[in-house]
Amino acid sequence: MSKVVTMSTEDTTAAWAESIIREVSGCQHLTVGLISGARYGNDARCVNQLVSVLASRAKAAGEEYRLLCVRLAVMSNEKLEQPADQTESVPPAMRSPLGPWSEVTIPVPVGARASWSLLQIPTWLSAWKDAFRLILVDVGPIHLVPSRIVGRLCDVNYLLLG
């Protein structure tokens, strides 16, 4: 006999956040990849909502740790070299105006070979792990290379549909 359980989006998001909080409590830091199941990137409002619920659930659980949201701005482009305005140092995370977390956006052009920024992400993630206990990475669409490469660097990945 099967049982059908319906959950509202808020219930699902809260359950997801609580599972992440349980997972991060048993480790030094956790990197979570958010992969778009569509041919386009995740809706920024959806990612903002996930980060917001996660931050509020962590606070309610008495967990005080630094949270970072990394957004990969994946785009088709032939210019794959280091952008003139990008230094080789780790991009600084800025305090989010939306809540108690930090965020950083990394432009990741996709072309015939790996872009400069895509090659830097493993080093940058390592540096961010020293500063943040929980990192959410919006890795972009599932059919593009960055989601597969950066997804491998994450401890756990979630596929966002719809």
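Before reading on, note that the structure itself is shown above.
Residues numbered from 1 in each chain as written. Predicted model: local features only at pLDDT ≥ 70, side-chain atom pairs only at ≥ 80, totals over all residues. Heavy atoms only, no water.

A. Just the sheet that holds strand S5 (residues 134-141), in detail. One open sheet holds the 6 strands; their spatial order is S3-S4-S2-S5-S1-S6, and the pairing between them is mixed. On the outer flanks of this sheet lie strand S3 (94-95) and strand S6 (156-160), each paired with one strand and no other. Across 7 bridges, the pairing between strand S1 (residues 30-36) and S5 is parallel. Within the sheet, the bridge partner assigned to Leu34 lies in S5 and is Asp138. Each of S1, strand S2 (67-76), strand S4 (102-110), S5 and S6 touches helix H4 (residues 145-153); the most contacted strand, S5, lies at about 155° to it. (Pairing = 2+ DSSP bridges. Helix = DSSP H or I, 4+ residues; strand = E, 2+ residues; numbered from the N terminus. Contact = heavy atoms within 4.5 Å. Axes fitted to C-alpha atoms, helices over the stretch in contact; angles between N-to-C directions.)

B. Examining a nonpolar patch on the surface more closely. A grouping of Ile142, Leu159 and Leu161 is seen on the molecular surface, where their side chains present a nonpolar patch of about 300 Å² in accessible area. Structurally, Ile142 is set in the loop between S5 and H4. (Patch = residues over 30% accessible without salt bridge, like charges linked within 9 Å, V, L, I, M, F, W, Y side chains within 5 Å. Areas by Shrake-Rupley, 256 points an atom, 1.4 Å probe, with all protein chains shown as cover. Salt bridge = Lys/Arg side-chain N within 4 Å of Asp/Glu carboxyl O.)

C. View of the packing of aromatic side chains. Tallied over the entire structure, the rule returns 2 aromatic pairs. Ring geometry for Trp16 versus Tyr158: centroids 5.8 Å apart, planes at 85°, classification edge-to-face. With Trp16 in helix H1 (residues 9-25) and Tyr158 in strand S6, the pair connects residues that are 142 residues apart, well separated along the chain. (Phe/Tyr/Trp six-rings, centres within 6.5 Å; stacked < 30°, edge-to-face > 60°.)

D. Structural context of the side chain of Asn42. One can find Asn42 in the loop between S1 and helix H2 (44-60). Among the polar contacts listed, one links the side chain of Asn42 to the side chain of Asp138, at a separation of 2.7 Å. If we ignore the near neighbours within four places in the chain, the residues touching Asn42 are Leu34, Ile35, Ser36, Val47, Asp138 and Leu160. (Polar contact = N/O pair within 3.5 Å; in protein donor to acceptor, adjacent residues only side chain to side chain.)

E. Representation of the environment of Ile35. Turning to its location among the elements, Ile35 is positioned in strand S1. Ile35 sits in the buried class, given a relative accessible area of 12%. Placed 122 residues apart in sequence, Ile35 and Asn157 show a C-alpha to C-alpha distance of 7.0 Å. (Buried < 20%, exposed > 50% of the residue type's maximum accessible area, 1.4 Å probe, protein only.)

F. View of the packing of helix H3 (residues 116-131) against H4. Their axes nearest at 11 Å, the elements H3 and H4 cross at an angle of 30°. It follows from the interaxial angle that H3 and H4 lie roughly parallel. With respect to the hand of their crossing, H3 and H4 are arranged in right-handed fashion. Taken together, the residues of H4 that come into contact with H3 (itself represented by Leu118, Ile121, Pro122, Leu125 and Lys129) are Pro146, Ile149, Val150 and Leu153. Across the contact of H3 with H4, the residue classes break down as 8 nonpolar, no polar and 1 charged. (Parallel < 35°, antiparallel > 145°, perpendicular 65-115°, else oblique. Left-handed = near helix turned anticlockwise from the far one by under 90°. Nonpolar A, V, L, I, M, F, W, Y, C, P; charged D, E, K, R; others polar.)

G. Seen up close, the environment of Leu134. Following the sequence through the fold, Leu134 ends up in strand S5. Sequence spacing of Leu134 and Ile20 is 114 residues, and the spatial spacing of their C-alpha atoms is 9.2 Å. Other than its neighbours up to four places away in sequence, Leu134 contacts Ile20, Leu30, Val32, Leu54, Tyr65, Arg66, Leu67 and Leu68.

H. Looking closely at the nonpolar core. Of all hydrophobic cores here, the largest spans 23 residues; its most connected members are Trp16, Val32, Leu34, Leu54, Leu67, Leu134 and Leu136. Val32 has contacts with Trp16, Ile20, Leu134, Ile135, Leu136, Val137, Cys154, Val156 and Tyr158, leaving out every residue within four places of it along the chain. Listed in part, the 19 residues of the second largest apolar core include Leu72, Val104, Val108 and Val137. (Core = buried A, V, L, I, M, F, W, Y, C linked by side-chain atoms within 4.5 Å.)

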